[in-house]
Amino acid sequence: MCTAIVSVDPSSPVPVLLVGVRDEFVARAWQPPGPHWPGRPGLIGGRDLRAGGTWFAVDPAAPRASCVLNGRGRMAPENVRASRGELPLLVAAGGGLDGLDLPRFDPFHLIGAEPGAVRMWSWDGIELTGRELGPGLHLVVNRGLEGEGPETGDSEDSFMSERIAHFRPRLAAAVRPEPGGGGGAAEVWGEWLPLVDGDGIARNDKRALLPLLDLGGGRVWGTTSVSLVAMSREGLRYDFSSAPGDPRAWSSVR
C-alpha cells in the first residue's frame, strides 16, 4: 500500500515536490540511501537487499528522481520475473521504458520527475499507459492516480480510499513548502512535515499514510521509510526517514 505524493507548481522556485512512502514487510532487509550501484555512480537511493534495486532513486546532478509503486493486474510468470526495483534506477538515470521487456515485470506505477516535467507510467501486465502530471497536487496509490483504478473488494481498497480522502484536502490546505539547501527537515518542509509524519493517526487506522499491520504468523506489513525530494533547476534537496512517524528521525541525504 505504498503512496506517492507529487506537487507541481511551475511558478515556484521549487516547481516539483515528490514524496515516496514505502510499504513493505518490515522484516525485509534494506540499506539506507547511498550510491549503491557501481554501474550507475551518479544515483542515490535506498537499496533492497533481496533484489538489489530500489523504490526511490535520485540523480542529484541532473536533477532527476523516480519512484515505483506496486500496481494491480496480471502478474509476470515466475520463471522470467524481473524486479520492479530496477525501474526507478532506469528512469532516474535518464532512460525510458522503450524497448523494455515489460511482460517480465509485475504491475507497477512509476513516476519520473524533473524540474520541468513529471511523468507517470502504469503497467497492468497487459497494457502500458503514460501521462504527464501537470500543475497541482497528485496522490498515487496501488490502485493508481487518485485511486482511479478498479476496486477488487479486498480490504486494501478501503485503506486507499480513506487515505486519499483524509490526506488530499489536508495537503492541499497546507502551505506548499519551498525547501532549499539549508535548515533541518522540520524547518524547510513546514506544514507538510507533520502530515507526512502521519498526521497523528494511529498506524492501524484505515486513513493511515504510514500503516503498520500485523498479518499474523510473524508477518508485519507497514511503512518502512519516507523520502522527500524538492526539485529546482539548480538542484534538489533529499530528506529521508527510516523511522516513519518520528519527527526526530529525519536526515538530509542531499
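In this report, the structure presented in the accompanying data block is examined. Quick caveat, the model's predicted, so the values are computed rather than measured. (Residues numbered from 1 in each chain as written. Predicted model: local features only at pLDDT ≥ 70, side-chain atom pairs only at ≥ 80, totals over all residues. Heavy atoms only, no water.)

Here's the deal with the environment of Val91
We apply this condition: Note on conventions: DSSP H or I runs of at least 4 residues are helices, E runs of at least 2 residues are strands, and numbering of each starts at the N terminus. The contact definition used throughout considers only heavy atoms, calling two residues in contact when any of these lie within 4.5 Å.
Within the secondary structure, Val91 sits in helix H1 (residues 86-92). In sequence terms Val91 and Gly180 are 89 residues apart; their C-alpha atoms lie 24 Å from each other. Setting aside residues up to four positions removed in sequence, Val91 forms contacts with Arg64, Ser66, Leu97, Leu110, Gly112 and Trp121.

Comments concerning the layout of surface pockets
Put simply, the rule reads: For each structure, a 1 Å grid was placed over the protein atoms alone; sets of points admitting a 1.4 Å probe that cannot get out are labelled cavities, open sets with protein on both sides within 12 Å along at least five of seven lines are labelled pockets, and lining residues have an atom within 4 Å of a point. Grid points are joined across faces, edges and corners, and a volume is the space filled by probe spheres set on the points. Residues were grouped as follows: Ala, Val, Leu, Ile, Met, Phe, Trp, Tyr, Cys and Pro as nonpolar; Asp, Glu, Lys and Arg as charged; and all remaining residues, including Gly, as polar.
Size it by volume and the largest pocket reaches roughly 650 Å³. In terms of lining residues, the largest pocket is bounded by 31 residues, among which Glu24, Arg28, Asn70, Arg84 and Gly85 are the most central. Listing elements by their share of the lining of the largest pocket, those giving two or more residues are strand E1 (3-8), strand E2 (16-25) and strand E6 (64-70). Top contributing element to the lining of the largest pocket by residue count: E2, with five residues. Its residues placed into classes, the lining of the largest pocket shows 13 nonpolar, nine polar and nine charged.

Considering the packing of aromatic side chains
Convention followed: Stacked, tilted and edge-to-face are the three classes applied to pairs of Phe, Tyr and Trp rings, where Trp contributes its six-membered ring and a pair requires centres within 6.5 Å; stacked means planes under 30 degrees apart, edge-to-face means over 60, and tilted covers the rest. For every residue, the accessible area (1.4 Å probe, protein chains only) is compared with the maximum for its type, and the residue is labelled buried under 20%, exposed over 50%, or partly exposed between those bounds.
By the definition in use, this model includes five aromatic pairs. On the basis of an interplanar angle of 25 degrees and a centroid distance of 5.8 Å, the ring pair of Phe56 and Tyr238 is categorised as stacked. Remark: Tyr238 occurs in strand E14 (residues 235-241) and Phe56 occurs in strand E5 (residues 56-59); sequence separation between them is 182 residues. Classification of Phe56 by relative accessible area gives buried; the value is 1%.

Brief notes about the environment of Leu193
When you line up the elements, Leu193 lands in helix H4 (residues 192-196). Along the backbone, Leu193 and Val80 are 113 residues apart, and their C-alpha atoms lie at a distance of 40 Å. Setting aside chain neighbours within four positions, we find Leu193 in contact with Ala185, Ala186, Leu228 and Trp250.

Side note on the pairing of strand E12 (residues 212-216)
Basically, it comes down to this: One bridge is not enough; two strands pair if DSSP finds at least two bridges between them.
Inspection of the sheet shows E12 paired to strand E13 (residues 219-232) by four bridges, in the antiparallel sense. In the sheet register, Gly216 faces E13, and the bridge partner there is Arg219.

Overview of the sheet that holds E5
What counts here: Every angle, taken between N-to-C directions, lies between 0 and 180 degrees, and every axis is a line fitted to C-alpha atoms, over only the stretch in contact when it is a helix.
The seven strands lie next to each other as E3-E4-E5-E6-E7-E8-E9, forming an open sheet whose pairing is antiparallel. The open sheet has two edge strands with one neighbour each: strand E3 (30-34) and strand E9 (128-132). Within this sheet the neighbouring strands show an average axis-to-axis angle of 15 degrees, counted without direction. The pairing of E6 with strand E7 (residues 108-114) spans six bridges and is classified as antiparallel. The residue of E7 that forms the bridge with Asn70 is Phe108.

Section: the pattern of salt bridges
What counts is decided by this rule: Within this document, salt bridges are pairs made up of a side-chain nitrogen of Lys or Arg and a carboxyl oxygen of Asp or Glu, the two lying within 4 Å of each other.
Under the definition given, this model contains 18 salt bridges. Arg28 is the partner of Glu24 in a salt bridge, and the nearest nitrogen-oxygen pair spans 3.7 Å. Taken as a pair, Glu24 and Arg28 share a single burial class, namely buried. Across the salt bridge formed by Arg72 and Glu156, the nearest N and O atoms sit 3.8 Å from each other. In this pair, Arg72 sits in the loop between E6 and H1 while Glu156 sits in helix H2 (residues 155-173), placing the two residues 84 residues apart along the sequence. For Glu156, a relative accessible area of 32% translates into the label partly exposed.

A look at the nonpolar core
Under the convention used in this document: The nonpolar core is taken to be a set of buried Ala, Val, Leu, Ile, Met, Phe, Trp, Tyr and Cys residues, with the residues joined through side-chain atoms within 4.5 Å.
The biggest cluster of nonpolar side chains holds 28 residues, and the ones touching the most others in it are Val19, Leu171, Trp189, Trp192 and Leu228. Elements that contribute at least two residues to this core include exactly E2, strand E10 (136-141), H2, helix H3 (185-189), H4 and E13. Not counting the four nearest positions on each side in its chain, Trp189 is found in contact with Leu17, Pro177, Pro179, Leu228, Val229, Ala230, Arg237 and Asp239. One finds Ala65, Ala113, Met120 and Tyr238 within the second-largest nonpolar core, a separate group that totals 25 residues.

Observations regarding unusual backbone geometry
Along the chain, Ala62 connects to Pro63 via a cis peptide bond; the corresponding omega equals -15 degrees. Secondary-structure assignment places Pro63 in the loop between E5 and E6. At Glu146, a residue that is not glycine, the phi angle is positive and equals roughly 55 degrees. Topologically, Glu146 is positioned in the loop between strand E11 (144-145) and H2. The phi angle at Asp199 is positive, at roughly 60 degrees, despite the residue not being glycine. Residue placement: Asp199 occurs in the loop between H4 and E12.

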